[in-house]
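# Fold and geometry: a report
What follows is the residue order along each chain.
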Amino acid sequence: QVQLVESGGGLVQAGGSLRLSCVASGRTFSNYAMGWFRQAPGKEREFVAAINWTGGSTYYANSVKGRFTISRDNAKNTVYLQMNSLKPEDTAVYYCAAQDRTIATPRWYEYDYWGQGTQVTVSS
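These lines cover the structure that appears in this document, whether it is placed above or below.

The rules we used
- Residues numbered from 1 in each chain as written.
- Predicted model: local features only at pLDDT ≥ 70, side-chain atom pairs only at ≥ 80, totals over all residues.
- Heavy atoms only, no water.
- Helix = DSSP H or I, 4+ residues; strand = E, 2+ residues; numbered from the N terminus.
- Rg over C-alpha atoms; globule rule 2.2 N^0.38 Å.
- Buried < 20%, exposed > 50% of the residue type's maximum accessible area, 1.4 Å probe, protein only.
- Contact = heavy atoms within 4.5 Å.
- Areas by Shrake-Rupley, 256 points an atom, 1.4 Å probe, with all protein chains shown as cover.
- Lys, Arg positive; Asp, Glu negative; His and termini not counted.
- Charge placed at Lys NZ, Arg CZ, Asp CG, Glu CD.
- Disulfide = S-S within 2.5 Å.
- Polar contact = N/O pair within 3.5 Å; in protein donor to acceptor, adjacent residues only side chain to side chain.
- Pairing = 2+ DSSP bridges.
- Axes fitted to C-alpha atoms, helices over the stretch in contact; angles between N-to-C directions.
- Core = buried A, V, L, I, M, F, W, Y, C linked by side-chain atoms within 4.5 Å.

All right, on to the overall build of the protein chain then. Along its length, the protein chain carries zero helices and eleven strands. Start at the N end of the protein chain and walk to the C end: the helices and strands fall as β-β-β-β-β-β-β-β-β-β-β. Relative to its length of 124 residues, the protein chain is compact, with a C-alpha radius of gyration of 13 Å against a globular reference of 14 Å. Projecting the C-alpha coordinates of the protein chain onto the three principal axes gives extents of approximately 40 × 25 × 25 Å. The burial tally for the protein chain puts 44% of its 124 residues in the buried class. In the protein chain, the proportion of contacts linking residues at least 24 apart, taken out of those at least 6 apart, comes to 59%. For the protein chain, the computed accessible surface area is about 6,100 Å², with 47% contributed by carbon and sulfur atoms. Here the protein chain contributes 12 positively and 9 negatively charged side chains, and the mean placements of these two sets differ by 4 Å.

So, about the state of the cysteines. Throughout the structure, instances matching the rule amount to one disulfide. Between the sulfur of Cys22 and that of Cys96 lies a disulfide, 2.1 Å long from S to S. Torsion about the S-S bond of the Cys22 and Cys96 cystine: about -75°, corresponding to left-handed handedness. You can see Cys22 sitting in strand β3 (residues 18–25) and its partner Cys96 sitting in strand β9 (residues 92–99), a full 74 residues away along the chain. You can call Cys96 buried: its relative accessible area is 0%.

Okay, the environment of Tyr111 next. Within the secondary structure, Tyr111 is located in the loop between β9 and β10 (113–114). Judged by its relative accessible area of 6%, Tyr111 is buried. Here the alpha-carbon distance between Tyr111 and Asp100, two residues eleven residues apart in the chain, equals 7.4 Å. Looking at Tyr111, its side chain comes within polar contact range of the main-chain oxygen of Thr105, at 2.5 Å.

The next thing to look at is the pairing of β3. When strand β1 (residues 3–7) meets β3, the two strands line up antiparallel, connected through five bridges. Within the sheet, the bridge partner assigned to Gln3 lies in β3 and is Ser25. Sheet topology places β3 next to strand β8 (residues 78–83); six bridges connect them, and they run antiparallel. Bridge pairing links Leu18 to Met83 in β8.

Strand order in the open sheet formed by four strands is β1-β3-β8-β7, with antiparallel pairing between adjacent strands. Of all the strands in the sheet, the pair left with one neighbour each is β1 and β7 (68–73). For this sheet, the mean inter-axis angle between neighbouring strands, taken without regard to orientation, is 15°.

Side chains of a nonpolar character, in soluble globular proteins, are inclined to be buried together. Counting 37 residues, the largest nonpolar core has Leu4, Met34, Trp36, Val79, Leu81, Met83 and Tyr94 as the members making the most contacts within it. Put simply, the parts of the chain that give this core at least two residues each are β3, β4 (33–39), β5 (46–51), β7, β8, β9 and β11 (118–123). If we skip the residues at most four places from it in the chain, Leu81 touches Leu18, Arg19, Leu20, Trp36, Val48, Ala49, Phe68, Thr69, Ile70 and Tyr94.

What follows is the structure, given as structure tokens:
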């Protein structure tokens, strides 16, 4: 089992920045590819970013490419999502997820463990 706890969400004005963190516990963090997803009210959960087990490969949704950066620190069992130039349409609950493979994918149903989510609200 892997437990994931997100933090760092909040209320920010458009154009601002936030950094989300997700701390993992339970199993060897470095064995897992990690992803961030988000879900806005009335919408389906969507892929945001993912990172492979070493941190050497990253993947982004087109909607966040160039604005968001995913990274990981395996020594701290933590994955981050740096979000810059935030827009009101980025408002959602953001979830951290882990998949029991070394190569990350953008498909939510391929992830094995999920955090409880952290709310990000961007005001216009």
